[in-house]
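# Coordinate analysis (summary)
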Amino acid sequence: MNQVPLNPFIPHQPVKPDEFVGRSAEIFDLEQCLSHAKNGTPRHFLLTGDRGIGKTSLMDYLRSVGRSVSSDQKVNFDFLVADIILDKYTTTLEFIRKIERAISRELEKTEPARAFLSKAWEFLNRVEAVGVSVRSSPTEVRSDTMLRVELAHSLINISNRVCQKSDYRSDVISKQYDGILIIVDEADQAPKDLALGAFLKTFLETLHRERCTSVMFGLTGLPTAVDRLLEGHRSSLRLFHQVRLGCLRKIEVIDIIDQKVLDIRNQGVSKFDITDAAKEVIWMYSDGHPHFVQQLGYCAFEAALNSVRDSAVNYDREFPMDFCVQAEHVHQGALHREGAIQIMGDIYFEAVFRRLSKSNEKLLILRQLVESDGFELPRSEIKCLPETNDVDNELLDLCDSGLIIEDRLTDCYKIRYASFAYWLSTNTPGIVP
Ligand SMILES: Nc1ncnc2c1ncn2[C@@H]1O[C@H](COP(=O)(O)OP(=O)(O)OP(=O)(O)O)[C@@H](O)[C@H]1O
Ligand SMILES: [Mg+2]
C-alpha cells in the first residue's frame, strides 16, 4: 500500500540547514567573517533583506557552519553560538539578560562552569537584586553605558576562559572555542530606548580597547535595521560588514523544486515529478522570492493531490506512482480563492496597499503598471490625473513602499513582484474609480 505523500514544501518556517539552497556568495561572505574572527580580527556583520527573503534560514545555516566545517572554504569552525531575538519591548537589561541566558545555556553543563558563570554575570544579579526587572528601565540604578561596559567585561572574562586565543587554559569546560558568535535576529524591531547603535558601539569599542578579539556580533533584520543602528549612533553602521539578501536566481529556484522531487521519490512515489513547465510558472509567479517559491510549490502540490483525489483512483489504497505536478496545478494553487497569491497578499501586500490606496494618483500609476507588458513602463508613458502636480513624488512613495522599483538606466518603473500584480488584479478589479 502506498501512502499519500506529505507536502514537501515549507512555507511556514525557516528551512533547516540540510534543506537550504543557494546563496553561495552570501555564505562565502559570512564564512569570511567567521574566518576573520577565528584569526583574531573579528568582522561583525549586518544581514538585511525583505520579509520572507530567508534571513533566519541563512542564520540557521551559518550557525551550523559555525559549529562544523565550512562548505566553501574547508575551514573547521567551532564557535560558541548565542541566539538572541529582539522585539519592540526589549530593554537594555533584557538584551543583556538574553545574551547571558544564551551563553550560559551552552556552557553551564558542569559544576565548575556554573560556578564560574555565576561570578562572571554577577553584575546582572546585583542590578536585579535592587528591584529592577529586565522589563523596566535601569536608568535609575545604573546608566545604560555602564551596563554595556559591564557586559563587555563579562564577555571578555568568559571568552578568556573558553576561547582558543587566550593565555588562560580553560579550567571550566573541556574544550576551547574559536570565538563567541552572538546572532541577533529581528534587529529592525529594536526599540528606540534600547539605542541599539549606541549599545553596540560602546560595547564593541570596549572589547577592542581591551584587545578581546573572540567575540563577534551578527545582526539580521529588515532593511530598516540600518535606521535602528543609525538612530542609536550615526557611526555604528561602520562597525558592521553589511550583507544584503535579495531574491534567488532561477537556477536556485529550480534547485529548491528539484530537492522536493527527490523528497517525494524518497517517500516512495518512485515516478513523482514536477514538470519543467510547472517550474517555469513557479519561477514566473515567485520572482525568486524564497517564501513565494515555497508557498506556490505548497499550493501547487495540494492542487495536484486534489486532482488525484477527484479522479477515479482511490489513492488511500494505492497512490499513483506517476503522480505529477503540472503547470495547471501551479496556476490553480496560486489563483484559487485561498491560494498562494491570496496568502502572500495577506502577508506582504495588503497593509502597505491599503495605506497607499488612499491616493487616486498612486492607484492610477499601479493600474497602468499592472496592465502593461512585464508590469513595466517607461517614465515618459506613465500618465497621471489632471489635478496631479507631482507624479515624481508619487513614484518615489511607491518605490519606498517596496511595491514598485525604478530602473535608473532605462528610466522605467516596474511592479516589484509579479505576485503583487496578480493579487491586485484579483482583489481590486478596476482599481481606480
Ligand atoms: N535558501 C533557502 N532555500 C529554500 N527555502 C528557503 C531559503 N531561504 C528561505 N526559504 C524559505 O523562505 C521562507 C522564509 O524564510 P525565513 O523565515 O528564513 O525568512 P526571513 O527573511 O527570516 O523572514 P522574516 O522577515 O519574516 O523573519 C521559509 O518558508 C523558508 O522555507
Ligand atoms: Mg526571520
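Let me sum up the structure you'll find in this document. Model, not experiment: these values are computed from the prediction. All chains use their own residue numbering, which begins from 1 and follows the written sequence. Numbering of ligands from 1 and lettering of chains from A proceed in the order in which they are written. In view of the model being predicted, local features appear only for residues whose pLDDT reaches at least 70, and side-chain atom pairs are presented and counted only at 80 or more, with totals across whole chains, interfaces and linings using the full set of residues.

## Focus on the overall build of the protein
- Per the convention used, a helix needs a DSSP run of H or I reaching at least four residues, while a strand needs a run of E reaching at least two, with both numbered from the N terminus. Across its full length, the protein carries 16 helices and 10 strands.
- Buried, partly exposed and exposed are defined by the number of other C-beta atoms within 10 Å of a residue's own C-beta, namely 20 or more, between the two limits, and 12 or fewer respectively, with C-beta atoms placed from the backbone. Burial statistics for the protein: of 433 residues in total, 42% are counted as buried.
- By sequence separation, contacts in the protein at least 24 residues apart represent 75% of the contacts at least 6 residues apart. C-beta atoms are first placed from the backbone for all residues, and any pair lying within 7 Å is then listed as a contact.

## Side note on the environment of glutamate 381
- Relative to the assigned elements, glutamate 381 resides in the loop between strand 8 (376-378) and helix 15 (391-401).
- Distance from glutamate 381 to glutamine 368, taken between C-alpha atoms, is 9.3 Å for residues 13 residues apart in sequence.

## Section: the pairing of strand 4 (residues 215-221)
- With seven of its seven residues buried, strand 4 lies for the most part within the structure.
- The alternating pattern of strand 4 places Val215, Phe217, Leu219 and Gly221 on one face and Met216, Gly218 and Thr220 on the opposite face, and all of these are buried.
- Looking at chain direction, strand 1 (residues 44-49) and strand 4 are connected through four bridges and run parallel. For leucine 47, the partnering residue across the bridge sits in strand 4 and is threonine 220.
- Pairing of strand 3 (residues 179-185) with strand 4, which is carried by five bridges, proceeds in the parallel orientation. Looking at the pairing, leucine 181 lines up with methionine 216 of strand 4. Only when DSSP finds a minimum of two bridges between them are two strands counted as paired.

## What about helix 16 (residues 418-427)?
- The buried count for helix 16 comes to seven of 10 residues, which makes it a mostly enclosed element.
- As for helix 16, its buried residues are in contact with helix 10 (276-286), helix 11 (290-310), helix 13 (340-356), helix 14 (360-370) and strand 10 (412-415).

## Brief notes about the nonpolar core
- Membership of the largest hydrophobic core comes to 120 residues, with the highest contact counts inside it found for Ile180, Ile182, Ile282, Leu296, Ala300 and Ile415.
- The biggest single contributor to this core is helix 11, with nine residues.
- Not counting residues up to four positions away in its chain, the partners in contact with isoleucine 415 are Leu369, Val370, Phe375, Leu403, Ile404, Phe420 and Ala421. Note on definitions: a nonpolar core is a set of buried residues drawn from Ala, Val, Leu, Ile, Met, Phe, Trp, Tyr and Cys, linked by C-beta atoms within 7 Å.

## Details of helix 7 (residues 196-209)
- Compared with the 20 Å implied by 1.5 Å per residue over 14 residues, the 20 Å span of helix 7 between its first and last C-alpha is a close match.
- Looking at the packing, one finds that the buried side of helix 7 touches strand 1, helix 3 (92-107), helix 6 (144-162), strand 4 and helix 8 (225-232).
- Positive backbone phi, approximately 55 degrees, marks arginine 211, located one or two places after helix 7. Expected span, for any helix, means 1.5 Å times one less than how many residues it has.

## Examining the sheet that holds strand 8
- Judged by pairing direction, the sheet is antiparallel, and its three strands sit side by side in the order 8-10-9 without closing on themselves. This sheet does not close on itself; its edge strands, each paired only once, are strand 8 and strand 9 (404-407). The average angle at which neighbouring strand axes cross in this sheet is 20 degrees, direction not considered.
- Pairing between strand 8 and strand 10: three bridges, direction antiparallel. To obtain each axis, a line is fitted to C-alpha atoms, and for helices this fit is confined to the stretch in contact; angles are then taken between N-to-C directions over 0 to 180 degrees.

## Overview of the environment of arginine 101
- Following the sequence through the fold, arginine 101 ends up in helix 3.
- For the pair formed by arginine 101 and aspartate 83, sequence separation is 18 residues and the distance between their alpha carbons is 9.4 Å.

## Considerations on the sheet that holds strand 4
- The sheet built from five strands is open, its strands ordered 2-3-4-1-5 with parallel pairing. If you trace the sheet from one side to the other, it starts and ends with strand 2 (79-85) and strand 5 (240-245), each paired once. Strand after strand, the sheet turns through a mean of 15 degrees between neighbouring axes, direction not considered.
- Packed on one face of the sheet, helix 1 (residues 24-38) meets strand 1, strand 2, strand 3, strand 4 and strand 5 and runs near 160 degrees to strand 5.
- Of the strands in this sheet, strand 1, strand 2, strand 3, strand 4 and strand 5 touch helix 2 (residues 55-66), which is tilted by about 170 degrees from strand 3.

## As for the packing of helix 11 against helix 13
- The interhelical angle for the contact between helix 11 and helix 13, taken along N-to-C directions, is 145 degrees, at an axis separation of 9 Å. For the pair helix 11 and helix 13, the crossing hand works out as right-handed. Where helix 11 abuts helix 13, its residues Phe292, Gln295, Leu296 and Cys299 lie against Ala340, Ile343 and Met344.
- All residues other than Ala, Val, Leu, Ile, Met, Phe, Trp, Tyr, Cys, Pro, Asp, Glu, Lys and Arg, Gly among them, are scored as polar; the first ten of these are nonpolar and the last four charged. Tallied by class, residues from the contact of helix 11 with helix 13 come to six nonpolar, one polar and no charged. Crossings are assigned a handedness: left-handed for a near helix turned anticlockwise from the far helix by less than a right angle, right-handed for a clockwise turn.

## Examining the site of ligand 1
- Neighbouring ligand 1 are 20 residues; Gly54, Lys55, Thr56, Ser57 and Pro290 lie closest to it.
- Put simply, the parts of the chain that give the shell around ligand 1 at least two residues each are helix 2 and helix 11.
- By residue class, the composition of the shell around ligand 1 is nine nonpolar, eight polar and three charged.
- Segment limits for the domains were obtained from an automatic or database-derived domain assignment. Residue-level mapping places the shell around ligand 1 at the junction of two domains, with at least three residues from each of domain 1 (23-245) and domain 2 (250-336). Here, nearness means that the C-beta atom of a residue, built from backbone geometry, sits within 6 Å of the molecule or strand in question.

## Let's talk about unusual backbone geometry
- At glutamate 186, a position not held by glycine, the phi torsion is positive, near 60 degrees.
- Its place among the elements puts glutamate 186 in the loop between strand 3 and helix 7.
- Glutamate 186 gets classed as partly exposed once you count the C-beta atoms within 10 Å, which come to 19.
- Here arginine 211, not a glycine, exhibits a phi torsion of approximately 55 degrees, which is positive.
- Examined against the element boundaries, arginine 211 turns out to sit in the loop between helix 7 and strand 4.
- For arginine 211, a count of 9 C-beta atoms within 10 Å translates into the label exposed.

## What about the packing of helix 10 against helix 12 (residues 327-335)?
- Interaxial distance between helix 10 and helix 12 falls to 7 Å at its minimum, and their mutual angle equals 30 degrees. When the axis of helix 10 is compared with that of helix 12, the two are roughly parallel. Only Ala327, His329, Val330, His331 and Ala334 of helix 12 make contact with helix 10, whose side of the interface consists of Ala277, Ala278, Val281, Ile282 and Tyr285.
- Of the residues in the contact of helix 10 with helix 12, the class split is eight nonpolar, two polar and no charged. Each angle gets one of four labels, with under 35 degrees taken as roughly parallel, over 145 as roughly antiparallel, 65 to 115 as roughly perpendicular, and the rest as oblique.

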